[in-house]
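Chains, contacts and geometry: an overview
Single-letter residue listing:
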Amino acid sequence: MHLKVDNVKICDGAWISTRAIVLKGVTIGENSIVTPGSVVHRSIDGNGIYGGNPVKYIKPRW
């Protein structure tokens, strides 16, 4: 099996909690939160709370 890699970008103020999985090529937006156990398979916008498998928008952070 070939290893496939790509950059993950975590913007300022973003918080990724325990046991979260972030897949290749994803950007975590500024000041966003990823809840425990989430699987981030696509880029997410800033200033929001995201969670689940697959990750979904929950509510604004502020």
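The structure under discussion appears in the preceding block.
Now for a look at the structure at hand. Computed from a predicted structure; not experimentally measured. (Residues numbered from 1 in each chain as written. Predicted model: local features only at pLDDT ≥ 70, side-chain atom pairs only at ≥ 80, totals over all residues. Heavy atoms only, no water.)

A few points about the overall build of the protein
Scanning the protein from terminus to terminus reveals zero helices and eight strands. The order of α-helices and β-strands along the protein, N terminus first, is β-β-β-β-β-β-β-β. The C-alpha radius of gyration computed for the protein amounts to 11 Å, which stays within 12% of the reference 11 Å derived for 62 residues, consistent with globular compactness. Evaluated residue by residue, the protein yields a buried proportion of 27% over its 62 residues. Sequence-distant contacts, at least 24 apart, represent 4% of the contacts inside the protein between residues at least 6 apart. Put simply, the protein shows about 4400 Å² of open surface, and 53% of that area lies on carbon and sulfur atoms. In the protein, which carries 8 positive and 4 negative side-chain charges, the distance between the mean positions of the two groups comes to 11 Å. (Helix = DSSP H or I, 4+ residues; strand = E, 2+ residues; numbered from the N terminus. Rg over C-alpha atoms; globule rule 2.2 N^0.38 Å. Buried < 20%, exposed > 50% of the residue type's maximum accessible area, 1.4 Å probe, protein only. Contact = heavy atoms within 4.5 Å. Areas by Shrake-Rupley, 256 points an atom, 1.4 Å probe, with all protein chains shown as cover. Lys, Arg positive; Asp, Glu negative; His and termini not counted. Charge placed at Lys NZ, Arg CZ, Asp CG, Glu CD.)

Points about the sheet that holds strand 8 (residues 56-60)
Taken in spatial order, the four strands line up as 2-5-7-8 in an open sheet, and their pairing is mixed. Edge positions in the sheet fall to strand 2 (15-16) and strand 8, since each of these pairs with one other strand and no more. Note: strand 5 (residues 33-34) against strand 7 (residues 48-51), two bridges, orientation parallel. Within strand 7, the residue paired with V34 across the bridge is Y50. (Pairing = 2+ DSSP bridges.)

Examining the side chain of S32
Tracing the chain through its elements places S32 in the loop between strand 4 (27-28) and strand 5. If we ignore the near neighbours within four places in the chain, the residues touching S32 are G13, A14, W15, I44, D45, G46, N47, G48, Y50 and R61.

Some points on the pairing of strand 8
Strand direction decides the pairing type here: strand 7 and strand 8, joined by four bridges, are antiparallel. Pairing of G51 across the sheet is with K56, part of strand 8. Linking strand 7 back to strand 8 in an antiparallel pair, the connection comprises four residues, with G52 at a positive phi of about 105 degrees.

Digging into the environment of R42
When you line up the elements, R42 lands in the loop between strand 6 (39-40) and strand 7. Measuring from C-alpha to C-alpha, the distance between R42 and G52 comes to 13 Å, with 10 residues separating the pair along the chain. The contact partners of R42, leaving out residues within four places of it in the chain, are V26, V55 and K56.

Notes on the packing of aromatic side chains
One pass over the structure, following the stated rule, counts one aromatic pair. Residues Y50 and Y57 carry aromatic rings whose centres are separated by 5.5 Å and whose planes lie at 70 degrees to one another, so their mutual orientation is edge-to-face. For Y50, a relative accessible area of 5% translates into the label buried. (Phe/Tyr/Trp six-rings, centres within 6.5 Å; stacked < 30°, edge-to-face > 60°.)

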